[in-house]
Amino acid sequence: MRWRTPWGGGDAQALGGLGDAAIYTGRARALSEADIERARARVAAGVPKAHVARDLGVHRSTLHRALSRQAE
């Protein structure tokens, strides 16, 4: 899990004993920025998105969301 302190300092679990002061920052992204750029290039080259998603080890919908999120 990813945590941060309310004042923006590092990993709250590593700081230890903060209790309610630690804030959960959500789940890590399944695809890195580099993965998304490589996927975008492969899709532009004509590779089906389903194949690209399978090669990256993610579901098609995850790839579709990542590609649309980056396009905005």
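Here the residue numbers are simple positions, counted from 1 along each chain's written sequence. With the structure being a predicted model, the display of local features is reserved for residues of pLDDT at least 70 and the display and counting of side-chain atom pairs for 80 or more, all residues being used for whole-chain, interface and lining totals. In computing side-chain values, all of the structure's heavy atoms are included and hydrogens and water are not.

**Some remarks on the overall build of the chain**
- Tallying secondary structure elements over the chain gives four helices and two strands in all.
- Ordering the α and β elements of the chain from the N terminus gives β-α-β-α-α-α.
- A simple rule labels every residue: compare its accessible area, found with a 1.4 Å probe on the protein chains alone, to the largest value its type can have, and call it buried under 20%, exposed over 50%, or partly exposed in between. Burial status across the chain gives 19% buried among its 72 residues.
- Long-range pairs, those at least 24 residues apart, make up 31% of the contacts in the chain between residues at least 6 apart in sequence.
- For accessible areas, the Shrake-Rupley method is used with a probe of radius 1.4 Å. Any residue's cover is judged against the shown protein chains and nothing else. Accessible surface computed for the chain: about 5100 Å², of which carbon and sulfur atoms make up 52%. Going along the chain from the N terminus, every DSSP run of H or I of four or more residues is numbered as a helix, and every run of E of two or more is numbered as a strand. Throughout, a contact is declared for two residues whenever any of their heavy atoms are within 4.5 Å.

**Comments concerning the side chain of aspartate 35**
- Positionally, aspartate 35 belongs in helix H2 (residues 33-44).
- Given the relative accessible area of 18%, aspartate 35 is considered buried.
- Under this definition, polar contacts are N or O atom pairs within 3.5 Å; protein pairs additionally need one hydrogen-donor-capable and one acceptor-capable atom, and for neighbouring residues in sequence, both atoms have to be side-chain atoms. A polar atom in the side chain of aspartate 35 sits 2.6 Å from the side chain of arginine 38.

**Side note on the pattern of salt bridges**
- Salt bridges are identified by distance alone: a Lys or Arg side-chain nitrogen within 4 Å of an Asp or Glu carboxyl oxygen. A full pass over the atoms with the stated rule returns three salt bridges.
- Put simply, aspartate 35 and arginine 38 hold a salt bridge, and the shortest N to O gap is 2.6 Å. Of this pair, aspartate 35 and arginine 38 both sit in helix H2, three residues apart, roughly one helical turn.
- The partly exposed category is assigned to arginine 38, whose relative accessible area is 49%.
- One salt bridge in this structure joins arginine 42 and aspartate 55, with 2.8 Å as the shortest N-O distance. On the criterion of sequence distance, the pair formed by arginine 42 in helix H2 and aspartate 55 in helix H3 (residues 49-56) is long-range, its members being 13 residues apart.
- Residue aspartate 55 is classed as exposed on the basis of its relative accessible area, which comes to 53%.

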